[in-house]
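One letter stands for each residue in the lines below.
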Amino acid sequence: MKFSAKLVKAKVLLKIILNIQKIPGDCVVHITQKKVAFIIRSDLDEGGSQVWCEIENSNFFDELNIQSLSDNEIQFQLEIEHLKRVLQSATTSMNEITVKLAKRGIPYLKFIIQSTQQSVILIQEIPIVLLTQQQMAQINEPQLPDPDVNIFLPNLKTLQNIIDKMKNISDELCITISNNSELKLAVETNAGSISTFYQGLTHATLGGKDKTQSQITRSSAVVDIKKFQKVLVLHSLSPDDVVCCIYESSLLIHAMLHNHKVVVTYYLPIIIKN
Amino acid sequence: MSNYMNDVPMTPGASASMGTAQDTEVVAFLAKTENASDVSTVLATIYKSDPTDKVNKKTDIQAVQQFVTVKISEIGMSFIVEEGKHFQGQVFFKRSIFQEYHCQANSSAYVDHQSVVPQMPSFQFKINLAMILDCLNIFGHTPNKYTSLQFVYRGYGSPFILLLEEDGVITNCSIKTMDAEDTLSFDYAGTVANRVLIDSDNLLEAFGELDYSSSILKILLTPDIPFLKLSTNGQMGAFTMDFCKSREPGEIFESFQLNEPIRHSFQLSLIKPCIKALTIAKKTRMLLTRNGLLSFQHVVPIGTHVHTIEFYILASDLPDDMTF
């Protein structure tokens, strides 16, 4: 089993890590020839949140070398906090970063950080737990059908401002999406309610289907407001598009960064569905 | 939990607009302004957030939250905050600061044009101040973006509604109203008092020197040098600020009426909001009566309008049977 590469765009990767870190739990890393996936699933038994992030190797790695007995795929688990710290120290100045899989009794991920300006070499190691192909096969992204309604979310930073105030009112947020370009966010308690209405948003056409309907379809979901707030930190990645879909038991938020060739998908549990 | 997903209409127009077919009643009160942040800046001066309670900001927990009494009349809106019988903070928005202002008259109202607030408002209720401020600031503060604001009230028992709009996005806030108790009225006509009118910046500088770990602030207003003296006694030791060492009072006060030396002690925590308001005020009238009433009246210009913020604080060194 071999893996080595020069990491480029480390700052972008750091931003991605800072985002997906909002979901607590161990991070599964699945490296294939074309992509690397970062998967964090919290509290699966309790229907917790999940995040699935995919980056394209051609955009983040140079001189990539992957070899393994299982279709040249490597998968392992690590603590995302470790990865964050390594990337933080590696990006404080101009550095050349090499990452490789190594073993010294136990397997670990070795980062060789060479300053381009000084003759300083820093080596940082992250312990990892290797996973077998069979174990990886057990980890599946939720397979969901085409949703009834979906919407492209408006400016996330403004949404974040709104949710920041709404969370002072209630722990639960009700999101309503309609297929006539409207989005509503609402919180309510005995003391009162706050609702925000967006109009004129756009929808994603899924599966090539043209969903022009004369009937107005509307779907609502109640989610934990703090969990939703954490996802909104996605604005720091300046995503090109962020789609939101409501399913039976989860809320899906899918962000796409076109030029970096990155996708991040969050699955949040729904408390009440309507 | 009520079924708000079904009740609250999807399109805001149905509940927001005043002229829809379903809304044939005349609205009791309506006020519109193009700039919500002006209202929130002024209103924030009377909000006393508890710094020890940053975690539990939920509006349900009424014991922690601050309530404000709202009085609406034909000449404007007052927001009044009180603490016991010894502190009152009041903000008055006169009707002219609004682009549109409709208020049903109170038929039995007597309006005294000399006082800032009329004796009998058309509407009076108590409401959660933290929630109003959260609503006013719902879109955050983006430079060059203006949020328009509309207040709506349909009369006794109905919620107080704020409609905010920025960039085509509408937020509808509906806040429960409660019965308001009578607010304190501080009458100092006829009592001996010292008054000064001073540049708020100068006064802010004077208060800036204080040791805020002290619980008590002693204020002395006197016809002799230093005219105004502030003293604290906190963890840093005893601290005194003499306002003016040698000059004529007319050089530091825009106007003044200093009859006799008057000295009283106050809870510094109650003075803090008065000091904070100095940062947005242009001029401040400070009054101290022989009986221990301290008042600040701040003149706050924002844009083309002028707002008034008043504070009344009773001295903590008064005999228990002292009444106002």
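Residues numbered from 1 in each chain as written. Chains lettered and ligands numbered in written order. Predicted model: local features only at pLDDT ≥ 70, side-chain atom pairs only at ≥ 80, totals over all residues. Heavy atoms only, no water.

An unreviewed UniProt entry lists chain B under the name Cell cycle checkpoint protein RAD1, from Polysphondylium violaceum. Word for word, the UniProt comment on chain B under Subcellular location (unreviewed entry) is "Nucleus". Under Sequence similarities (unreviewed entry), UniProt gives the following word-for-word description of chain B: "Belongs to the rad1 family." (UniProt positions renumbered as here; feature names shortened; annotations may be inferred.)

Chain A goes by Checkpoint protein in an unreviewed UniProt entry, where it is assigned to Polysphondylium violaceum. Here is the UniProt Subcellular location (unreviewed entry) comment for chain A, exactly as written: "Nucleus". Turning to chain A, the UniProt annotation filed under Sequence similarities (unreviewed entry) states: "Belongs to the HUS1 family."

Student: For this particular structure, what's the right way to read the overall build of chain B?
Tutor: Tallying secondary structure elements over chain B gives 7 helices and 18 strands in all. By residue count, 49% of the 324 residues in chain B fall in the buried class. Intrachain contacts of chain B at a sequence separation of at least 6 include 63% that bridge at least 24 residues. Summed over all atoms, the accessible surface of chain B reaches about 15,500 Å², with 48% contributed by carbon and sulfur. (Helix = DSSP H or I, 4+ residues; strand = E, 2+ residues; numbered from the N terminus. Buried < 20%, exposed > 50% of the residue type's maximum accessible area, 1.4 Å probe, protein only. Contact = heavy atoms within 4.5 Å. Areas by Shrake-Rupley, 256 points an atom, 1.4 Å probe, with all protein chains shown as cover.)

Student: How should the packing of helix α3 (residues 36-43) of chain B against helix α4 (residues 129-136) of chain B be read in this particular structure?
Tutor: Geometrically, a packed helix pair is captured by the angle between its two axes and the distance between the axes. Residue and element names in this part refer to chain B. It is at 9 Å that the axes of α3 and α4 come closest, and there the two elements cross at 150 degrees. Taken as axis vectors, α3 and α4 run roughly antiparallel relative to one another. Regarding α3 and α4, the two cross each other, and that crossing is left-handed. Every residue of α4 that contacts α3 at Ala36, Val39, Ser40 and Leu43 is listed here: Leu129, Ile132, Leu133 and Leu136. Residue composition of the contact of α3 with α4, grouped by class: 7 nonpolar, 1 polar and no charged. (Axes fitted to C-alpha atoms, helices over the stretch in contact; angles between N-to-C directions. Parallel < 35°, antiparallel > 145°, perpendicular 65-115°, else oblique. Left-handed = near helix turned anticlockwise from the far one by under 90°. Nonpolar A, V, L, I, M, F, W, Y, C, P; charged D, E, K, R; others polar.)

Student: Can you help me understand the packing of aromatic side chains in this one?
Tutor: To describe a pair of aromatic rings, you give the distance between the ring centres and the angle between the ring planes. All names here are of chain B. Following the criterion strictly, the structure yields 16 aromatic pairs over all chains and no others. Their ring planes at 45 degrees and their centres at 6.5 Å tell us that Phe79 and Phe151 sit as a pair that is tilted. With a gap of 72 residues between them, Phe79 in strand β3 (residues 76-83) and Phe151 in strand β7 (residues 148-153) connect regions that are remote in the sequence. The same class applies to Phe79 as to Phe151, namely buried. Ring centres 6.0 Å apart and planes at 10 degrees place the aromatic pair Phe243 and Phe253 in the stacked group. (Phe/Tyr/Trp six-rings, centres within 6.5 Å; stacked < 30°, edge-to-face > 60°.)

Student: Would you mind going over the pattern of salt bridges with me for this structure?
Tutor: A side chain of one charge can pair with a side chain of the opposite charge if their charged atoms are brought near each other. Summed over the entire model, instances satisfying the criterion amount to 14 salt bridges over all chains. In this structure, Glu81 of chain A engages Arg85 of chain A in a salt bridge whose closest nitrogen and oxygen atoms are separated by 3.1 Å. On the criterion of helical spacing, the pair formed by Glu81 of chain A and Arg85 of chain A is a turn pair, its members being 4 residues apart in helix α3 (residues 80-90). Here Lys126 of chain B makes a salt bridge to Glu181 of chain B, at a shortest N to O gap of 3.8 Å. Of this pair, Lys126 of chain B sits in strand β6 (residues 123-128) while Glu181 of chain B sits in the loop between β9 (169-175) and β10 (193-199), and the two are 55 residues apart along the sequence. On the basis of relative accessibility, which here comes to 52%, the residue Glu181 of chain B falls in the exposed class. Several salt bridges share partner residues, and in doing so they unite Glu81, Lys84 and Arg85 of chain A into one network. (Salt bridge = Lys/Arg side-chain N within 4 Å of Asp/Glu carboxyl O.)

Student: Just to check I follow, could you spell out the confidence of the model for chain B for this structure?
Tutor: It should be kept in mind that the predicted coordinates are not to be read in detail where pLDDT is low. All names here are of chain B. Averaged over all residues, the pLDDT of chain B equals 83, while 81% of them reach at least 70. Confidence drops under pLDDT 50 across residues 52-56; counting only partners more than four residues distant or on other chains, this segment forms 4 contacts. Long-range and interchain partners of residues 114-118, a stretch whose pLDDT sits below 50, account for 10 contacts in this model, where long-range means more than four residues apart. With pTM at 0.85, the complex prediction returns an ipTM value of 0.86. (pLDDT = per-residue confidence, 0-100.)

Student: In this structure, what is going on with the packing of helix α1 (residues 10-20) of chain A against α3 of chain A? I would like to understand it.
Tutor: Residue and element names in this part refer to chain A. α3 packs onto α1 with a crossing angle of 150 degrees between their chain directions and a minimal axis gap of 10 Å. The orientation of α1 with respect to α3, classified from their angle, is roughly antiparallel. The crossing of α1 and α3 is left-handed. Mapping the contact onto sequence places Ala10, Leu13, Leu14, Ile17, Leu18 and Ile20 in α1 and Ile80, Leu83, Lys84, Leu87 and Gln88 in α3. Looking at the contact of α1 with α3, its residues break down into 9 nonpolar, 1 polar and 1 charged.

Student: Even after reading the chapter, I still don't get the sheet that holds strand β12 (residues 228-234) of chain B, so can you show me in this structure?
Tutor: Residue and element names in this part refer to chain B. The antiparallel open sheet is built from 4 strands, whose spatial order is β13-β12-β11-β15. The open sheet has two edge strands, β13 (237-242) and β15 (262-267), and neither has a second partner. Taken over all neighbouring pairs, the strand axes of this sheet differ in orientation by 15 degrees on average, direction set aside. (Pairing = 2+ DSSP bridges.)

Student: What should I look at first to understand the domain arrangement of chain A in this one?
Tutor: Often, the extent of an interface is quoted as the loss of accessible area upon association of its parts. Residue and element names in this part refer to chain A. Here the domain parsing of chain A yields domain 1 (2-137) and domain 2 (149-269). On a C-alpha basis, the centres of domain 1 and domain 2 stand 29 Å from each other. Listed as interface residues are 20 residues of domain 1 and, on the opposing side, 17 residues of domain 2. Both faces considered, domain 1 and domain 2 share a buried interface measuring about 1,600 Å² in area, 56% of it formed by carbon and sulfur atoms. Run the count over domain 1 and domain 2 and you get 0 salt bridges. Counting across the interface, domain 1 meets domain 2 through 10 residue pairs in polar contact (both at pLDDT 80 or more). (Domains from an automatic or database assignment. Buried area = accessible area lost by both parts, 1.4 Å probe. Polar contact = N/O pair within 3.5 Å; in protein donor to acceptor, adjacent residues only side chain to side chain.)

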